[in-house]
Amino acid sequence: MKYQRMPIEVESPEELGYTNIQYNLAESSVRDRTISDLRPNWDNLVLNYSDHRGMPSLRRLICENSAELNSNDVLVTQSAAMALFIVNTSLLSSADHLIVIRPNYATNIETPRAIGAEITFIDLDFENNYQLDIDLIKYQIKPNTKLISITNPHNPTGVEFDMVTIFSLIDFLAEKKIYLLVDETYRELNFQSRISPYFAEKSKYVISISSVSKAFGLPGIRIGWLICKNEQLQLLFLAAKEQIIITNSVIDEYLANLALEHKSEFLKISHERLSKNFEITKQWMQSHPYLEWNEPKTGAIAFLKFKENIDFDFSEFYNVLLKEYGTQVGPGHWFEQSDRYFRLGFGYPTEAELRAGLLQIDKCISLFII
Ligand SMILES: Cc1ncc(COP(=O)(O)O)c(C=O)c1O
């Protein structure tokens, strides 16, 4: 493995220091929650090693709404990031080829790269509403293709891929015995649509990944999971987990269990904020002279584009926006895209912070336009 740091982490709000950012529009989650929101009663919590696959009740809660899945199909990990690492390192070697649909969450690119796997990137197209091109994916498959990696709901655009297309991709890949990794970390941020079942329900060649970080506002407890109905693969993933960490933190598992027990209460608060802030963002974008987007359908983020007729030093714009206007967004290079694009997180800020942050963006743009 050849590790290197990723710009999205080097330049992240937590590395800059939250107190150094006045208007944080760089996050991809809802606002962080506190221990008191979870009301733990944990004086007698035994601080032992937990079940290697993850706390049994937590695994049941993760798949409780599915008639197709049971808790043996779930491996609880110490975050979605770890689940992604487990899947990539278990399935890929430097002799393997994979297709990564880009833009994508940086880890989904960097871990296969660190392994030395051969990567074909398929870039989603703004003009095509960032939808999957299944013919192109089929065309790029090689004899040594092991894995296709997608993120849905999509980071950083907030779009959802067409279901029929994903289902037909799943069928095609099962025939070819190629795995599909679906990073579903944004799934419960569906504030204006019904939640879809995990794609792992559909085939033993699909691995779904999620966590409590984004929709629950609990990234600090580092609990995520992978779902896969293939028993052999589950054993492989378990072996990887045992070598990395043996078991998760029982404290984290206990808290994640509480969050999932009170899921509807948690998600109600998240969805209310998302709906309100999305309306504000939509109004701002409606007749924006310099920015355009494919309106996100879900999630807490949008990927905005400076219109083609606009040209200035975008990288300097983000520096000035942060340093002079106290506002951070996620520039395109976090996702290996042009800095003409940036990710705007509308789910994390309060309404007042969002309004003020959007105003700061406009002020900063006018500095560069004139
Ligand atoms: C698409 C995607 N997957 C996974 C992660 C990592 O989530 P976790 O906090 O559970 O490690 C992120 C975090 O930004 C993400 O955007």
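It should be noted that the structure appears before, not after, this text.
Residues numbered from 1 in each chain as written. Predicted model: local features only at pLDDT ≥ 70, side-chain atom pairs only at ≥ 80, totals over all residues. Heavy atoms only, no water.

A.B. asks: Sorry, what's going on with the sheet that holds strand β9 (residues 291–292) here?
C.D. replies: One key point about sheets: their strands pair by backbone hydrogen bonds, in either a parallel or an antiparallel sense. Pairing in this open sheet of four strands is antiparallel, and the strands run β9-β10-β13-β12 from one edge to the other. Whereas interior strands pair on both sides, the edge strands pair on one side only; in this sheet they are β9 and β12 (330–331). By the bridge criterion, two bridges tie β9 to strand β10 (residues 301–306) in an arrangement that is antiparallel. Bridging across to β10, Leu 291 finds its partner in Phe 306. (Pairing = 2+ DSSP bridges. Helix = DSSP H or I, 4+ residues; strand = E, 2+ residues; numbered from the N terminus.)

A.B. asks: Is there a simple way to think about helix α9 (residues 231–244) in this case?
C.D. replies: Counted at 1.5 Å a residue, the expected span for α9 with its 14 residues is 20 Å, and the 20 Å between its end C-alpha atoms agrees. For α9, every residue scored as buried is listed here: Leu 233, Gln 234, Phe 237, Leu 238, Ala 240 and Lys 241. Projected down its long axis, α9 shows its buried positions confined to an angular sector of 160°, all on one face. Those residues of α9 that are exposed and aimed more than 90 degrees away from the buried face are Glu 231, Gln 232 and Gln 243. For α9, the elements touching its buried residues are β2 (74–77), α5 (80–91), β6 (179–183), β7 (206–211) and β8 (224–227). Two or three places before Gln 232, at the start of α9, stands the capping residue Asn 230, its side-chain oxygen 3.0 Å from that residue's backbone nitrogen. Looking one or two residues past α9, Ile 246 carries a phi angle of roughly 65°, positive in sign. (Expected span 1.5 Å × (residues − 1). Buried < 20%, exposed > 50% of the residue type's maximum accessible area, 1.4 Å probe, protein only. Arc of directions from axis to C-beta. Contact = heavy atoms within 4.5 Å. Polar contact = N/O pair within 3.5 Å; in protein donor to acceptor, adjacent residues only side chain to side chain.)

A.B. asks: Before we go on, may I ask you to explain the sheet that holds strand β5 (residues 145–151) in this structure?
C.D. replies: The seven strands lie next to each other as β2-β8-β7-β6-β5-β3-β4, forming an open sheet whose pairing is mixed. Both outer strands of the open sheet, β2 and β4 (118–123), are each paired with one neighbouring strand and no more. Looking at each pair of strands side by side, their axes are set apart by 20° on average, direction ignored. Contacting β2, β5, β6, β7 and β8, α5 crosses the sheet at an angle of about 155° to β7. Relative to β6, helix α8 (residues 163–176) is tilted by about 150°, and along the sheet it contacts β5, β6 and β7. (Axes fitted to C-alpha atoms, helices over the stretch in contact; angles between N-to-C directions.)

A.B. asks: Hey, could you run me through the packing of α5 against helix α6 (residues 106–115) in this one?
C.D. replies: Helix-helix packing is characterised by the crossing angle of the two axes and by the distance between the axes. Two elements in contact, α5 and α6, have axes separated by 10 Å at closest approach and are oriented at 35°. Relative to α6, the crossing made by α5 is right-handed. Contacts between α5 and α6 involve Leu 84, Phe 85, Asn 88 and Thr 89 from the first element and Thr 107, Asn 108, Thr 111, Pro 112 and Ile 115 from the second. Within the contact of α5 with α6, the residues separate by chemical class into four nonpolar, five polar and no charged. (Left-handed = near helix turned anticlockwise from the far one by under 90°. Nonpolar A, V, L, I, M, F, W, Y, C, P; charged D, E, K, R; others polar.)

A.B. asks: Explanation requested: the pattern of salt bridges in the structure shown.
C.D. replies: Pairing between side chains becomes possible if they bear opposite charge and their charged atoms approach one another. The full count for this structure, using the stated rule, is 20 salt bridges. Linking Lys 142 and Glu 118 is a salt bridge whose minimum nitrogen-to-oxygen distance equals 2.4 Å. Of this pair, Lys 142 sits in the loop between α7 (134–140) and β5 while Glu 118 sits in strand β4; the two residues are 24 residues apart in sequence, bridging distant segments of the chain. Residue Lys 142 is classed as partly exposed on the basis of its relative accessible area of 31%. A salt bridge links Lys 282 to Glu 295, with the nearest nitrogen and oxygen atoms 3.8 Å apart. With Lys 282 in helix α11 (residues 263–286) and Glu 295 in the loop between β9 and β10, the pair connects residues that are 13 residues apart, well separated along the chain. With a relative accessible area of 30%, Glu 295 lands in the partly exposed category. (Salt bridge = Lys/Arg side-chain N within 4 Å of Asp/Glu carboxyl O.)

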